[in-house]
Amino acid sequence: MEYYNPQLLFIHPTFFYQEPYHKDLFYRDFPLKALELSAILKKNKKIKTHFLDLRFEKDLTKFFSKAKFNDQQFEKAFIKVLEKESIQDLQNVGIISTSSFEFLQIEKISKIIKNNFPKINIIVAGHHPSAVPNNFIEKSKNYDIIIEGKPEIAFLNLFTTSLLNKVKKRKKPFLIKPKDVFNLNDVPLPDYDTYLQKYKDKTELIFTISASEGCPFHCRFCKIPRTKFRNYSFVNFLERFENLQNLIMRWNYQNPKIGFLDQSFNSALLSNKILKYIIERKLQDQYRFSCQTRIEIVSNHKNLLSLFKKAKMVVGYGFESANKGILYEMRKTSNPTAYIKKMKEILEFYENISEPYCRLNIIAGFPGENNETFLDTIEFLETYALHPNVQINPTIYINDPNTYVYKNMDYYHKTFQSMFLKEWWKIDSDPLKNSIPLKSSKNYHRSQLVKDYVERYRNILVKFKYSSIPSLINWKKYFGNWSKNLT
Ligand code: SF4
């Protein structure tokens, strides 16, 4: 296929101060939004795109793990990497953020590009520019176009209108807030091909697909933007699903994994259809499937459990806490008693089968958490979930700028005396640690939370039959060392 200029390089940023534990969390996924945008631009505008995933650029990775490094050396290494991408022939760079952790790195790399290749337009979009666009406007010299919100239509318009030609004449960047959303059923399969041509050895990354977009729920810890919940048509879903399978076979993957990205494998009707499709074609013998869903959805549609079993679909349940007050504060449910009961029933199902296992997501340290509420969850897990067929996945609450909590910190401070670090992503040290509130509640300091978290989950995590020893070691080392440093 022939593509017209201008060319566009998508850069997937990462962050500094990384330890092996961060890699276990952040090195498993394709840069999906960039791959989707690339496919949309190719299909609709014949624009040539390519990718630079900083996580996998060998000449740069040493800088990501160092506490301190020489800025000039980083700049030199980064320019060398850009030159391999023929940066001098490019007109546009798109930096697509997936997490606020990346903020300082985005600033650094944008500045380097601006200083060394001033003709290039820098477009930033994705998570952080949508959550806190002002952070980019403040540093206006580094950026030309900031997209706040869903970027598909904005990117298409950029390459249709004369906006890209005008940006250089302005002193301030353009802030684009797209009002229209791209028709879901026109979204092509993400541009995995172009990405894999460059990063051929990334066989461990998980291929993903969605049957819906957005989420109708309002959990207060959730960083997913509040967009309208929409389903793809089943016909469109099937077309993309079949294309994805063909693509995976083309790349000759061993033991391929397909993750359903839907925020909550939501519509029981659609889930039923998808699961039956998988089972009828015995796709579960070829692929390892996973998805995430809500406890109420499965509890209200019990037939889903047997379909999950037949399709060998590993399901992640966002349980989050066994304390009723915390569940209510999270707006996870309006009926915590029934919710906890439903969770027990689902766990019973998994404890009576050998495959597939299920995953239970837990959040420790949500604002309002104290030692007693923390222990309520531990007690629940030890009583009902400690089983080889149940993977318990505990995380500590991250105060992402897109959450309800971040936008209402005063409420939590007044109600629970929680304490937060505002704009933690601007602090030049480990962003994961900085994102965790200083106090969940009056007497529950971060140091105590981290200590309890390591001590109590250490024994729980080893019970799962497929526990990865290297990942457990990384987890223990990261939180164990942090706990020691905090006390
Ligand atoms: S946590 Fe899951 S269910 Fe809750 S709002 Fe976010 S995506 Fe929806």
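Conventions used here
- Residues numbered from 1 in each chain as written.
- Predicted model: local features only at pLDDT ≥ 70, side-chain atom pairs only at ≥ 80, totals over all residues.
- Heavy atoms only, no water.
- Helix = DSSP H or I, 4+ residues; strand = E, 2+ residues; numbered from the N terminus.
- Rg over C-alpha atoms; globule rule 2.2 N^0.38 Å.
- Buried < 20%, exposed > 50% of the residue type's maximum accessible area, 1.4 Å probe, protein only.
- Contact = heavy atoms within 4.5 Å.
- Pairing = 2+ DSSP bridges.
- Axes fitted to C-alpha atoms, helices over the stretch in contact; angles between N-to-C directions.
- Domains from an automatic or database assignment.
- Buried area = accessible area lost by both parts, 1.4 Å probe.
- Salt bridge = Lys/Arg side-chain N within 4 Å of Asp/Glu carboxyl O.
- Polar contact = N/O pair within 3.5 Å; in protein donor to acceptor, adjacent residues only side chain to side chain.
- Right-handed = clockwise from strand over helix to strand, strands pointing away.
- Core = buried A, V, L, I, M, F, W, Y, C linked by side-chain atoms within 4.5 Å.
- Parallel < 35°, antiparallel > 145°, perpendicular 65-115°, else oblique.
- Left-handed = near helix turned anticlockwise from the far one by under 90°.
- Nonpolar A, V, L, I, M, F, W, Y, C, P; charged D, E, K, R; others polar.
- Lys, Arg positive; Asp, Glu negative; His and termini not counted.
- Patch = residues over 30% accessible without salt bridge, like charges linked within 9 Å, V, L, I, M, F, W, Y side chains within 5 Å.
- Areas by Shrake-Rupley, 256 points an atom, 1.4 Å probe, with all protein chains shown as cover.
- Charge placed at Lys NZ, Arg CZ, Asp CG, Glu CD.
- Phe/Tyr/Trp six-rings, centres within 6.5 Å; stacked < 30°, edge-to-face > 60°.
- Expected span 1.5 Å × (residues − 1).

Student: Would you take a moment to explain the overall build of the protein for this structure?
Tutor: Helix and strand counts for the protein stand at 22 helices and 16 strands. Against the globule reference of 23 Å for 487 residues, the protein gives a C-alpha radius of gyration of 23 Å, in line with a compact fold. Taken over the C-alpha atoms alone, the protein extends approximately 65 × 55 × 40 Å along its principal axes. Of all 487 residues assigned to the protein, the portion counted as buried reaches 56%. Look at the contacts in the protein between residues 6 or more apart in sequence, and 76% of them connect residues 24 or more apart.

Student: I keep staring at the sheet that holds strand E12 (residues 313-320) and nothing clicks. Help me out?
Tutor: Hydrogen bonds along the backbone pair up the strands of a sheet, which may run parallel or antiparallel. Pairing is parallel in the open sheet, where six strands are placed in the order E7-E10-E11-E12-E13-E14. Looking along the sheet, the strands with just one partner apiece sit at the ends: strand E7 (207-209) and strand E14 (390-396). This sheet shows a mean twist of 25 degrees between the axes of neighbouring strands, independent of strand direction. Relative to E14, strand E13 (residues 358-364) runs parallel, the two being bridged by seven bridges. Across the sheet, Ala364 pairs through a bridge with Ile396, a residue of E14. Running over the sheet, helix H16 (residues 336-351) touches E12, E13 and E14 and is turned about 150 degrees from E12.

Student: What am I meant to see in the domain arrangement of the protein here?
Tutor: By a widespread convention, an interface's size corresponds to the accessible area lost as its parts come together. Assigned domains within the protein: domain 1 (4-176) and domain 2 (206-486). Computed over C-alpha atoms, the centres of domain 1 and domain 2 are 29 Å apart. Each partner contributes to the interface: domain 1 provides 25 residues, whereas domain 2 provides 29 residues. In total, about 2300 Å² of surface goes out of reach between domain 1 and domain 2, with carbon and sulfur atoms giving 62% of it. Sorting the residues of domain 1 by area buried against domain 2 places Tyr17, Tyr21 and Phe101 first, and these three jointly supply 27% of that buried surface. Counting across the interface, domain 1 meets domain 2 through three salt bridges. In this structure, the connection of domain 1 to domain 2 is made through 11 residue pairs in polar contact (both at pLDDT 80 or more).

Student: It is not clear to me how the pairing of strand E3 (residues 92-97) should be interpreted in this structure. Could you clarify?
Tutor: On a regular strand, one side chain projects to one face of the sheet and the next to the other, so that they alternate. Among the six residues that make up E3, six are buried, leaving the element largely enclosed by the rest of the structure. In E3, alternate side chains face the same way, and those of Asn92, Gly94 and Ile96 on one face and Val93, Ile95 and Ser97 on the other are all buried. Two elements, E3 and strand E4 (residues 121-126), share six bridges in a ladder whose sense is parallel. Bridged to Ser97 within E4 is Gly126. Read from E3 through helix H5 (residues 103-116) to E4, the crossover connection turns out right-handed.

Student: In this structure, what is going on with the nonpolar core? I would like to understand it.
Tutor: Note on soluble globular proteins: their nonpolar side chains tend to be buried together. Counting 161 residues, the largest nonpolar core has Ile11, Phe155, Phe308, Tyr317 and Tyr457 as the members making the most contacts within it. The element best represented in this core is helix H21 (residues 446-461), accounting for seven residues. A domain-level breakdown of this core finds at least three residues from each of domain 1 (4-176) and domain 2 (206-486). Among residues more than four places away in sequence, those in contact with Tyr457 are Ile362, Phe374, Thr377, Ile378, Leu381, Ile392, Pro394, Asp452 and Trp475.

Student: Teacher, can you tell me more about the packing of helix H14 (residues 303-310) against H16 here?
Tutor: How two helices pack is summed up by the angle between their axes together with the distance between the axes. Contact pair H14 / H16: the axes reach a minimum separation of 12 Å and the direction vectors enclose 30 degrees. Between H14 and H16, the interaxial angle falls into the category roughly parallel. The interaxial crossing formed by H14 with H16 has right-handed handedness. Each of Leu305, Ser306, Phe308 and Lys309 in H14 lies in contact with H16, whose residues at this interface are Ile346, Phe349 and Tyr350. Tallied by class, residues from the contact of H14 with H16 come to five nonpolar, one polar and one charged.

Student: Could you clarify how one ought to interpret the environment of Asn92 in this entry?
Tutor: By the secondary structure assignment, Asn92 is in strand E3. Asn92 gets classed as buried once you look at its relative accessible area, which sits at 0%. Here Asn121 takes part through its side chain, which lies 2.8 Å from a polar atom of the side chain of Asn92.

Student: I tried to follow the side chain of Arg446 on my own but got confused; where do I start?
Tutor: Residue placement: Arg446 occurs in helix H21. The buried charged residue Arg446 lacks any salt bridge partner; its closest oppositely charged side chain belongs to Asp430, at an N-O distance of 9.3 Å. With near-sequence residues (within four places) excluded, Arg446 lies in contact with Lys433, Asn434, Ile436, Pro437, Leu438, Lys439, Trp482 and Leu486.

Student: Honestly, the packing of helix H3 (residues 58-65) against helix H4 (residues 71-84) in this entry has me stumped. Any pointers?
Tutor: Where H3 contacts H4, the axes come no closer than 9 Å and their chain directions differ by 150 degrees. Relative to H4, the element H3 is oriented roughly antiparallel. Handedness of the H3/H4 crossing: left-handed. Taken together, the residues of H4 that come into contact with H3 (itself represented by Asp59, Leu60, Phe63 and Phe64) are Gln73, Phe74, Ala77, Phe78, Val81 and Lys84. Taken together, the residues of the contact of H3 with H4 break down into seven nonpolar, one polar and two charged.

Student: Could you clarify how one ought to interpret a positive patch on the surface in this entry?
Tutor: A cluster of basic residues, Lys62, Lys66, Lys76 and Lys80, forms a positive patch on the protein surface. With respect to the element layout, Lys62 can be found in helix H3. On the accessibility criterion, Lys62 (49% relative accessible area) is partly exposed.

Student: Any chance you could explain the packing of aromatic side chains here in plain terms?
Tutor: Here a ring pair, both rings aromatic, is described through the centre-centre distance and the interplanar angle of the planes. Following the criterion strictly, the structure yields 55 aromatic pairs and no others. Ring geometry for Phe10 against Phe51: centres 5.9 Å apart, planes inclined by 20 degrees, an arrangement best described as stacked. In this pair, Phe10 is assigned in strand E1 (residues 4-12) and Phe51 in strand E2 (residues 47-53), connecting sequence segments 41 residues apart. Here Phe51 falls in the buried class, since its relative accessible area comes to 3%.

Student: Sorry, what's going on with helix H22 (residues 469-486) here?
Tutor: One full turn of an α-helix is made of 3.6 residues, so residues set three or four places apart face in the same direction. In this model, H22 (18 residues) spans 25 Å end to end at C-alpha, consistent with the 26 Å of a helix rising 1.5 Å per residue. Regarding H22, the residues found buried are Leu472, Asn474, Trp475, Tyr478, Phe479, Gly480, Trp482 and Ser483. Where H22 is buried, its residues touch helix H1 (20-26), E14, helix H20 (431-435) and H21.

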